[in-house]
Every structure is written in structure tokens, then in C-alpha cells.
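Close look at the chain arrangement
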Amino acid sequence: MYDRERDLFKSYTAGKMSRRELIEKSLKLGVAAGTANFLLNSASTAAMAADFDWMKHKGKSVKLLLNKHPYADAMIANIDNFKSLTGVDVTYDIFPEDVYFDKVTAALSSKSSQYDAFMTGAYQTWQYGPAGWIADMNEFISDPAKTSPTYDWDDVLPGLRASTAWSGVPGAELGGADSKQWCVPWGFELNNIAYNRKIFDKLGLAPPQNMNEMMEVAAKITKDAGGPYGIGVRGSRSWATIHPGFLSAYTNFGGKDLKQEDGKLRAAMDSAESKAFTAQWVKMIQDSGPKDWATYTWYQVGTDLGAGASGMIYDADILGYFMNGGDNKEAGNLAYASFKANPDAPTPTSNVWIWSLAMSNFSKERDAAWYFMQWASSAEHGLFGARKMDFVNPVRGAVWKDQEFRDRIAKSYPGYIEQYEASAPDAKIYFTPQPLFSTLTTEWAAGLQKMVTREVPVDEGLDQLAESVNRQLKSAGL
């Protein structure tokens, strides 16, 4: 490659020319699209090395534990640039999500040094952190000898930084005083509506704006669409059923999972707000959900939307994003809308899932692992993933402002940016942090299953759930 092509992309990375100028000059030089992507990424990597010793751990190796996910795919596609930047080798094991978290727990609980860093949800760190299994990343972020001056931690969206930090005191505010940064946000999910435009146009429907409208629209689709059911939401006996659409809407009506009484945590699922909302949710599933709803995970909810088996989903926005591409039958027919379940609430309350990167406390290469983590969560890698891969939603403000990324999304994913911008200001984790999270939310999901199948009335089911939760909290000394 001639030096003038490399210099062209270095000038663009340094802010000395506009993207339009870059494209025009690249065309004149006959630079192919694939070559242009390579040169741009190489120039960005070189720019990162300008004011920081990225080669400090040259020759070392780190091993990652990864969930099979487009975020991991984007990282793997770009990993050679990290290796060139640092001289650090990277190996990894990848597992599907149905076994992934068990793999993480097994590695950490055995104090294995096999993995240096791994993907995690923020909720899981409520167990890992207090157990002493993972490092407090504040130690690394605040050390100028270990962190590049261009890393710009404050560019990570504030709700995500706070939601991944906790003091370890059950019930204490996320991101509050004395919080430890248990992980670094990597990519996240808002919970809004993705819908099939063909079905909506055929029936003359508009995206629902609140819970009553959602029930009406879902019932109309089920009755008149000629096969598809109205709405897809998760239903399996898992914590993952509670955290997306359900908790987002539940919170919008003032519902809480837990409350503080006399310095102790107590169940709040038996409140009047909870009972009123849950009755609506249960009826919506009974009337307009899939027949085998109790088996539905992320995968089934998304697959049905992509196949045209459902008219809409209320779930992770990125799930709808993925279904609008690839070889899905309805690719190109999907659109997106923000959702505020309670018409009287001032804003949506989207509970977030945050795929993050955490460091094992048993790693023998902690500093090299941090080099990987800060590179993988940098704006430079975020821009690569957002522009060239399916690395949505990015956790950095700088990436959301990138016009190339915004244009790409606006072109093929109608309403996606708008739903994000409507929900992002109040998007955070709305659960109460405490170490029994997985157990209690899984029981909550089991309770919903019984209500949907009419084994127990909603009010009675929530009273039983609250009694059980309170016993478990008391037994754990919480």
C-alpha cells in the first residue's frame, strides 16, 4: 500500500478533513471499500497509540470467556487491531447463553485463573462482586499509568456507569457513595416496541402508546391478521422474563420489586400498583400472546417477529434490530417505537440490560486484561462496531453522535434512533441490588406462569410471591 493512501486516512482520523473529503479523495486514488475500512481502522488504532504506551505488556496473553453474541462478533472482527496496538495475544472461549452464565459461575467460584476477563450482565455482579470474585475497575480507570488519556470514561453514558457500580450493601443505590465499579459497560438494551409494518398497515394500526392501547392492538392483530398472534414477550421460568418489557412497564406504573422497612428489605410485589399492572399484563398474554408463552426466551420472541408469526414484541430494542436483517422472512419490514406504559407517567422507564466486561480477581495478567477491556470499550472500537458490525446499542455518547452510524440506522431501521432518544434519559436498572436477585426474579417468573395459566388469581399469586420472598430475605439476613 502506498504511503499517500495511509496518510489520507491518518489525516481524516486526526480531524484534518471531513468524511466527504475522505470519500472523494479515496475514490480518486481508487481505494476499494474493503481497503478503505482496513485503512480507517488501522489509522484509528495508530491514533490511540500516540499518547500512551500500549506496548507495555507486549508478549503477554489474556484469555476471555464470551457469550455468543453480535457484540462478541464485532470484537473478534477487530481483534487483530488490538494485537497490533499492544502486542498482547488474545484467546477466548465462546458459549451460547443457555449455558454461558453457568460457565462463568463455575470458573469464578472455583477461583480459577483460566480466564482473565469475561462478559457479564450487571445483575450478575451483585453476586460476583461481594463474593470477591471480580475486581473493582476504579483501580484501573483512575490510574493514569494504566489508562490512556483518550479513554474518556465520562463519555460512557451516565446511567450505564451508575448501573454497573454498587457498594455491595443490599438495597443501596446503584452508583451511590462508596460504589465499586464492578464492570465496564460494553453494549446495552432498552426495552421498547418492534413491530411488523406490513401487518400494521394491513390492519390500519398505529404503534401503541400505552398499556391499554397495547392490549387493544395486540388483540386486533390476533383476531384479524390471519395467523400471527398479537404480541411477543418472554415467559420462561427465568429472571430473564422479568427484566425486559415487564419490569419497564411495571416501573412506569410505580411498581417496585423490593422496599426498605426498618433497615431490612421487604417484598413490594403485593402492592396495589403491582396487582393492577400485573392483571393487565397477564390478560394481554392470555388474549394475545403465543400459545406456548411459558417456554419463550429472548430467542423465541425474536424468531417469531422475524418470521412474521407475531405482530409486535415488547422487548429489547436490539432484538428487533437483529430481526430486521439477515435471512429473516420479515427483514426490511420491521419498525420501532418508544413505549410509555402509563399514560400519566412523565417519561418512559426502560429497565436496561447491560452487557459488560469484568475482570476476574484470580487473573494472573490483570494489567494486560485491563488493556484489552479499555480498548474493547473505547470510542474507537465502538465506532468500528457501530459502523461496520451490529454493535448496537453503543455505550458511548461519542458513538451515538457519529453521523455515519446514525445514517446507517436511520436508513434501514425506521424509528430506531427515535425510540432510543425518547427512552435513553431515564433508562437504567430499576431493580433493587441484592445478592438474591436471580433466585427471587426466577420465582417471580414462575408466579407469572401460574397466573397466566389460571392456576392462581393475580392478587392471590402476588400475595404468595411476597410471602415467599420475605421468608427468603429474612433467612439471608437481608
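Residues numbered from 1 in each chain as written. Predicted model: local features only at pLDDT ≥ 70, side-chain atom pairs only at ≥ 80, totals over all residues. Heavy atoms only, no water.

1. Concerning the sheet that holds strand S6 (residues 184-189)
- Read from one edge of the open sheet, 5 strands run S2-S1-S3-S13-S6, paired in mixed fashion. Lying at the two open borders of the sheet, with one neighbouring strand each, are strand S2 (89-95) and S6. For this sheet, the mean inter-axis angle between neighbouring strands, taken without regard to orientation, is 25 degrees.
- The sheet contact formed by strand S1 (residues 61-67) and strand S3 (residues 117-121) spans 2 bridges and is parallel. In the sheet register, Leu-65 faces S3, and the bridge partner there is Phe-118. (Pairing = 2+ DSSP bridges. Helix = DSSP H or I, 4+ residues; strand = E, 2+ residues; numbered from the N terminus. Axes fitted to C-alpha atoms, helices over the stretch in contact; angles between N-to-C directions.)

2. Examining the sheet that holds strand S11 (residues 310-316)
- Strand order in the open sheet formed by 4 strands is S8-S11-S7-S12, with mixed pairing between adjacent strands. Looking along the sheet, the strands with just one partner apiece sit at the ends: strand S8 (229-232) and strand S12 (334-337). Neighbour to neighbour, the strand axes of the sheet diverge by 20 degrees on average, direction disregarded.
- Relative to S12, strand S7 (residues 191-196) is paired through 4 bridges, and the arrangement is antiparallel.

3. Brief notes about the pattern of salt bridges
- As enumerated under the stated definition, the model contains 22 salt bridges in all.
- The salt bridge partner of Asp-154 is Arg-161, with a shortest N-O separation of 3.9 Å.
- Where Asp-224 meets Lys-223, a salt bridge forms, and the shortest distance between an N and an O atom there is 3.3 Å.
- Taking the relative accessible area as the measure of exposure, Asp-224 reaches 27% and is therefore partly exposed.
- Via salt bridges that share partners, Glu-139, Lys-146, Arg-366 and Asp-367 belong to a single interconnected network. (Salt bridge = Lys/Arg side-chain N within 4 Å of Asp/Glu carboxyl O. Buried < 20%, exposed > 50% of the residue type's maximum accessible area, 1.4 Å probe, protein only.)

4. As for helix H10 (residues 211-224)
- Relative to the 20 Å expected for 14 residues at 1.5 Å per residue, H10 spans 20 Å between its end C-alpha atoms, a close match to the ideal helical length.
- Within the sequence span of H10, burial applies to Met-211, Met-214, Met-215, Val-217, Ala-218 and Ile-221.
- Near the N-terminus of H10, the side chain that reaches the backbone nitrogen of Asn-212, with its oxygen 3.2 Å away, is that of Asn-210.
- One or two steps after H10, the chain reaches Gly-226, where phi turns positive at roughly 80 degrees. (Expected span 1.5 Å × (residues − 1). Polar contact = N/O pair within 3.5 Å; in protein donor to acceptor, adjacent residues only side chain to side chain.)

5. Thoughts on the pairing of S1
- Among the 7 residues of S1, 5 are classified as buried, and the element is accordingly described as predominantly covered.
- With 7 bridges joining them, S1 and S2 adopt parallel strand pairing. Counterpart to Lys-63 in the pairing with S2 is Thr-91.
- The β-α-β motif built from S1, the intervening helix H4 (residues 70-86) and the parallel element S2 has right-handed crossover chirality. (Right-handed = clockwise from strand over helix to strand, strands pointing away.)

6. Looking at the packing of aromatic side chains
- Applying the stated criterion to the full structure yields 50 aromatic pairs.
- Considering the side-chain rings of Phe-246 and Phe-277, the 5.5 Å spacing of their centres and the 55 degrees angle between planes classify their relative orientation as tilted. Highlighted residues: Phe-246 in helix H12 (residues 245-252) and Phe-277 in helix H13 (residues 272-288), separated in sequence by 31 residues.
- Residue Phe-246 is classed as buried on the basis of its relative accessible area, which comes to 1%. (Phe/Tyr/Trp six-rings, centres within 6.5 Å; stacked < 30°, edge-to-face > 60°.)

7. Points about the environment of Tyr-314
- Among the structural elements, Tyr-314 can be located in strand S11.
- In this structure the C-alpha to C-alpha distance between Tyr-314 and Ile-193, which are 121 residues apart in sequence, comes to 4.7 Å.
- Discounting residues that sit within four places of it in the chain, Tyr-314 has contacts with Asn-191, Asn-192, Met-214, Ile-231, Gly-232, Val-233, Gly-245, Ser-248, Ala-249, Trp-281 and Phe-339.
- At 3.4 Å, the side chain of Tyr-314 and the backbone nitrogen of Ala-249 are in polar contact. (Contact = heavy atoms within 4.5 Å.)

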